Amino acid sequence: MSQDYKILHSYSVGSTNDLAEATLSREAVDEFTVFFADYQTNGKGIGHNIWESNMGENLLISIVLHPVFLNPADQFMINKIVSLGVCKCLDKYITGQRITIKWPNDVWVGFGKIAGILSRNLIMGNRFETCIVGIGLNINQQNFSPEIPNPVSMYQIAHRAFDRNEVLKQLIDDVKHFYSLLKKNLIEAINQYYLERLLFYNTSATFIADDQEFTGIIKGVDEFGLLLVEVEENVRRYNIKDISLKVH
Ligand code: BTN
């Protein structure tokens, strides 16, 4: 894979996503510029969540993409290819446990969350200008605060430390791989890979929506990124805010 990317490393930032956005507001930023920090004082997760990470132990990055070829209506494809890239990267380092995508933006190993993705899309009219892809990947952290639900790191699974710079380069290559499939418009192939990685795909699982617990079967994700859940032979569509998956 070619090395056409640029890593901009910082010791401590508020959030790499914010840094990427501020930089983009001032100047042109090439595709596959990667803002990489050792620490975030204001790391952001999905919704109002915060993203916690010890100093210098994990990957905290934001990758700048310019998917001008993509219809803004298909923006969830970016989420798919990035999740697939994270899984492919982890395949190189982790054996013996299933690496899956937990819709919509987590990567899990077994029943632990090892990575989260938070993208910010900049769309001008009907043109997709830029996507800032924020990725937090737990690498060498051994202890997490008890408020974080189901965290896990590569260290905790493999019982050894990893070189963050090596993992970063591998991750960029693997995201590039799936991004190139998207550029070639290989949507069906990407969707197939995604379903193969989707946690609880075609499996009975327990969900909570509208304060009700129910059993359903994940049938996939639609083109807008809504989760398709079959309940009593009807397929319902859910937004992230409206449903949660009960694990254990
Ligand atoms: C989630 O699972 O809620 C998404 C977490 C995304 C965290 C990453 S860390 C690098 C980038 N900068 C941020 O502030 N958030 C993302």
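What counts and what doesn't
- Residues numbered from 1 in each chain as written.
- Predicted model: local features only at pLDDT ≥ 70, side-chain atom pairs only at ≥ 80, totals over all residues.
- Heavy atoms only, no water.
- Near = heavy atom within 4 Å.
- Areas by Shrake-Rupley, 256 points an atom, 1.4 Å probe, with all protein chains shown as cover.
- Helix = DSSP H or I, 4+ residues; strand = E, 2+ residues; numbered from the N terminus.
- Nonpolar A, V, L, I, M, F, W, Y, C, P; charged D, E, K, R; others polar.
- Phe/Tyr/Trp six-rings, centres within 6.5 Å; stacked < 30°, edge-to-face > 60°.
- Buried < 20%, exposed > 50% of the residue type's maximum accessible area, 1.4 Å probe, protein only.
- Axes fitted to C-alpha atoms, helices over the stretch in contact; angles between N-to-C directions.
- Parallel < 35°, antiparallel > 145°, perpendicular 65-115°, else oblique.
- Left-handed = near helix turned anticlockwise from the far one by under 90°.
- Contact = heavy atoms within 4.5 Å.
- Pairing = 2+ DSSP bridges.
- Right-handed = clockwise from strand over helix to strand, strands pointing away.
- Core = buried A, V, L, I, M, F, W, Y, C linked by side-chain atoms within 4.5 Å.

Some details on the site of the ligand
Inference 1: In the vicinity of the ligand, 20 residues are found, and the nearest of them are Ser15, Gln40, Lys44, Ile46 and Lys113.
Inference 2: Expressed as a share of its isolated accessible area of 410 Å², the protein-covered part of the ligand is 99%.
Inference 3: Elements represented by at least two residues in the shell around the ligand include exactly helix H1 (16-26), strand S3 (59-65), strand S6 (112-124) and strand S7 (127-137).
Inference 4: Per-element tally for the shell around the ligand: the top contributor is S6, with 4 residues.
Inference 5: When its residues are assigned to classes, the shell around the ligand shows 7 nonpolar, 10 polar and 3 charged.

What about the packing of aromatic side chains?
Inference 1: On inspection of all chains with the given rule, the structure shows 8 aromatic pairs.
Inference 2: Ring geometry for Phe214 versus Tyr238: centroids 6.2 Å apart, planes at 25°, classification stacked. Placement of the pair is Phe214 in strand S9 (residues 212-221) and Tyr238 in strand S11 (residues 234-238), with a sequence separation of 24 residues.
Inference 3: Look at Phe214 and you get buried, because its relative accessible area is 13%.

Re the packing of helix H2 (residues 76-93) against helix H4 (residues 164-183)
Inference 1: Two numbers describe how H2 lies on H4: the axes approach to 8 Å, and their chain directions differ by 135°. With respect to each other, H2 and H4 are oriented oblique. Seen along the crossing, H2 lies across H4 with a hand that is right-handed. Seen from H2, the contacting residues are Met77, Ile78, Ile81, Val82, Leu84, Gly85, Val86, Lys88, Cys89, Lys92 and Tyr93; seen from H4, they are Glu166, Val167, Gln170, Leu171, Asp174, Val175, His177, Phe178, Tyr179 and Leu182.

Here's the deal with the pairing of strand S2 (residues 33-40)
Inference 1: Among the 8 residues in S2, 7 count as buried, and that is most of the element.
Inference 2: The sheet contact formed by strand S1 (residues 6-13) and S2 spans 7 bridges and is parallel. From the neighbouring strand, Ser12 faces S2, where its bridge partner is Tyr39.
Inference 3: You can see the chain leave S1, run along H1 and come back into S2, and the turn it takes is right-handed.

Considering the nonpolar core
Inference 1: Formed by 68 residues in total, the largest nonpolar core has its most connected members in Ile78, Leu90, Ile114 and Met154.
Inference 2: By residue number, the principal contributor to this core is H2, which donates 11 residues.
Inference 3: Non-local contacts of Ile114, meaning those with residues more than four positions away in its chain, are made with Leu90, Ile94, Val107, Trp108, Val109, Gly136, Leu137, Asn138, Val152, Ser153, Met154 and Ile157.

Quick notes on unusual backbone geometry
Trans peptide bonds make up the majority, and among non-glycine residues the majority have a negative phi.
Inference 1: Of note, the bond from Trp103 into Pro104 is cis; its omega dihedral lies within 30 degrees of zero at 0°.
Inference 2: With respect to the helices and strands, Pro104 occurs in the loop between strand S4 (99-102) and strand S5 (106-109).
Inference 3: Non-glycine residue His159 carries a positive phi angle of around 60°.
Inference 4: Here His159 is to be found in the loop between helix H3 (154-158) and H4.
Inference 5: One non-glycine residue, Glu232, lies in positive phi territory at about 45°.
Inference 6: Within the secondary structure, Glu232 is located in the loop between strand S10 (227-231) and S11.

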